[in-house]
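Understanding the architecture of this molecule
The residues making up each chain are set out below.
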Amino acid sequence: MSDAPDTLNEFRTAAEAAARAAGQLLRENYETDLDVNELADHDIKLDLDVRSQELITRLLLDRFTDHGFLGEEGGNVGNADSEFQWVVDPIDGTVNYYYGIPHFCVSIALQRGGETVVGVIYDPMRDEMWSVTAADAAATLNGREISVSPRERLADAVITVGFSKTKESMDVGLEKYKKIGYQVRKTRMLGSAALALTYIACGRLDAYVEESVNLWDIAAGVLLVQKAGGKITLTTPEHAPECLSIVATNGKIPLEEVL
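**Some thoughts on a nonpolar patch on the surface**
Together, Val36, Leu39, Val95, Tyr98, Tyr99 and Ile101 give the surface a local cluster of nonpolar side chains, amounting to about 560 Å² of exposed area. The set of elements that each furnish at least two residues to the nonpolar patch consists of strand S1 (36-40) and helix H3 (94-98). With respect to the secondary-structure elements, Ile101 resides in the loop between H3 and strand S5 (105-112).

**What about the packing of helix H1 (residues 5-29) against helix H2 (residues 47-61)?**
At a closest axis distance of 9 Å, the pairing of H1 and H2 adopts a crossing angle of 155 degrees. Taken together, the axis directions place H1 and H2 in an arrangement best described as roughly antiparallel. In this structure, the crossing between H1 and H2 has a hand that is right-handed. Note on element contacts: H2 touches H1 through Leu48, Arg51, Ser52, Leu55, Ile56, Leu59 and Leu60, opposite Ala14, Ala15, Ala18, Ala21, Ala22, Leu25, Leu26 and Asn29. Each residue belonging to the contact of H1 with H2 can be placed in one class, and the counts come to 12 nonpolar, two polar and one charged.

**Remarks on the pattern of salt bridges**
Per the counting criterion, the structure on display carries 15 salt bridges. Where Glu73 meets Lys45, a salt bridge forms, and the shortest distance between an N and an O atom there is 4.0 Å. Of this pair, Glu73 sits in the loop between strand S3 (68-71) and strand S4 (84-92) while Lys45 sits in strand S2 (residues 43-46), placing them 28 residues apart in sequence. The exposure class assigned to Glu73 is partly exposed, which follows from its relative accessible area of 24%. Here Asp206 and Arg151 are joined by a salt bridge, their closest N and O atoms 2.8 Å apart.

**Focus on the packing of aromatic side chains**
For the structure shown, the criterion picks out 10 aromatic pairs. Ring centres of Tyr30 and Phe104 lie 5.7 Å apart, and the angle between their planes is 40 degrees; this geometry places the pair in the tilted category. One end of the pair, Tyr30, is in the loop between H1 and S1; the other, Phe104, is in the loop between H3 and S5, with 74 residues separating them in the sequence. Taken individually, Tyr30 and Phe104 each receive the classification buried, so the pair is uniform in this respect. Each member of the aromatic cluster is reached from another via a ring pair, and the members are Phe11, Phe64, Phe84 and Trp86. The ring of Tyr199 has Arg204 lying over it, and the distance from NZ or CZ to the ring centre is 4.8 Å.

**What about the nonpolar core?**
Nonpolar side chains in soluble globular proteins tend to end up buried together. Judged by nonpolar contacts, the single largest core of 34 residues is most densely connected at Ile121, Trp130, Leu197, Tyr208 and Ile246. Counting residues per element, the ones that place at least two in this core are S5, strand S7 (128-133), strand S8 (139-141), helix H5 (193-201), strand S12 (207-213), helix H6 (215-227) and strand S14 (244-249). When neighbours within four sequence positions are excluded, Ile121 is seen to be in contact with Cys105, Val106, Ser107, Glu128, Met129, Trp130, Ala194, Leu195, Thr198, Ala220, Gly221 and Leu224.

**A closer look at H1**
Its 25 residues place the ends of H1 36 Å apart at the C-alpha level, agreeing with the 36 Å of an ideal helix rising 1.5 Å per residue. Where H1 ends, the next residue or the one after it, Glu31, has phi of about 60 degrees, a positive value.

**Remarks on the layout of surface pockets**
When its volume is computed, the second largest pocket comes out at roughly 220 Å³. Around the second largest pocket sit 13 residues that line it, and Gln111, Gly114, Thr116, Val222 and Leu234 are the ones nearest its centre. Of all elements in the fold, only strand S6 (115-123), H6 and strand S13 (231-235) reach the threshold of two or more residues within the lining of the second largest pocket. Among the elements that make up the lining of the second largest pocket, the one with the highest residue count is H6 (six residues). Tallied by class, the residues present in the lining of the second largest pocket amount to eight nonpolar, four polar and one charged.

**Looking at the sheet that holds S6**
With mixed pairing, seven strands are arranged side by side in an open sheet as S3-S4-S5-S6-S7-S8-S9. Sheet topology places S3 and strand S9 (144-146) at the edges, where each strand pairs with a single neighbour. Averaged over all neighbouring strand pairs, the angle between strand axes comes to 20 degrees, with direction disregarded. In the sheet, S6 pairs with S7 via six bridges, with the strands oriented antiparallel. Within S7, the residue paired with Val118 across the bridge is Thr133. Contacts between H1 and the sheet are confined to S4, S5, S6 and S7, with S6 contributing the most and set at about 30 degrees to the helix. Its contacts with the sheet put H6 on S3, S4, S5, S6, S7 and S8, and the angle it makes with S6 is roughly 100 degrees.

Reading the values: the criteria
- Residues numbered from 1 in each chain as written.
- Predicted model: local features only at pLDDT ≥ 70, side-chain atom pairs only at ≥ 80, totals over all residues.
- Heavy atoms only, no water.
- Patch = residues over 30% accessible without salt bridge, like charges linked within 9 Å, V, L, I, M, F, W, Y side chains within 5 Å.
- Areas by Shrake-Rupley, 256 points an atom, 1.4 Å probe, with all protein chains shown as cover.
- Salt bridge = Lys/Arg side-chain N within 4 Å of Asp/Glu carboxyl O.
- Helix = DSSP H or I, 4+ residues; strand = E, 2+ residues; numbered from the N terminus.
- Axes fitted to C-alpha atoms, helices over the stretch in contact; angles between N-to-C directions.
- Parallel < 35°, antiparallel > 145°, perpendicular 65-115°, else oblique.
- Left-handed = near helix turned anticlockwise from the far one by under 90°.
- Contact = heavy atoms within 4.5 Å.
- Nonpolar A, V, L, I, M, F, W, Y, C, P; charged D, E, K, R; others polar.
- Buried < 20%, exposed > 50% of the residue type's maximum accessible area, 1.4 Å probe, protein only.
- Phe/Tyr/Trp six-rings, centres within 6.5 Å; stacked < 30°, edge-to-face > 60°.
- Lys NZ or Arg CZ within 6 Å of the ring centre and 35° of its normal.
- Core = buried A, V, L, I, M, F, W, Y, C linked by side-chain atoms within 4.5 Å.
- Expected span 1.5 Å × (residues − 1).
- 1 Å grid on protein atoms, 1.4 Å probe; cavity = no way out; pocket = protein on both sides within 12 Å on 5 of 7 lines; lining within 4 Å.
- Points joined across faces, edges and corners; volume = space filled by probe spheres on them.
- Pairing = 2+ DSSP bridges.

The structure is reproduced here in structure tokens:
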């Protein structure tokens, strides 16, 4: 199996269908009584996270039986030795969802040999589908080509900052926030890493910074930002070597000089 454009488009079509199906499930259960699997410090795990992931898993692995699957909700499914691995966050922004804040999404990426070749992110509340493949010249939103903002000055920029879930990550995030906050037009804390990246890709935001995120949070969004003309810097935080630290920008503002 190759990563030719036709093959990647088949993968993307399947990912979009799975994201829409999961999005429908989320809409149907939005602002209803939700079963909570775990209440942790700075996080919530819902039974609906599991149900959404199970739905996505079934739709993708029934079609691509030789592929592997890595999801936020765990589970040993698929072919772990396959060069193709689906990387899925079934609800990115679970806390927002639980509190009735309509800012969350479904994120689905396909990696080949550790490199993302398909990225799909779906916001079911706004019916917005961001989509990209490694073979594309650009990323799209609902089929329309998108690009990052043209803004070059920090003073004109709107930036979102995430604070992760641990004290160590929060402390680092607060230090970064202080460096950034006084120099930009506005900062925002929105609660979804995947949507932060889509908003950079289509020019709504100029940058996103977070000290500690997981691969499933950002795998699809990183390719979207890159194909839309932005810049991504990923490093490994010392206090959380299993996670990633991200700085994503439109590729024009000098944010990394400040950080």
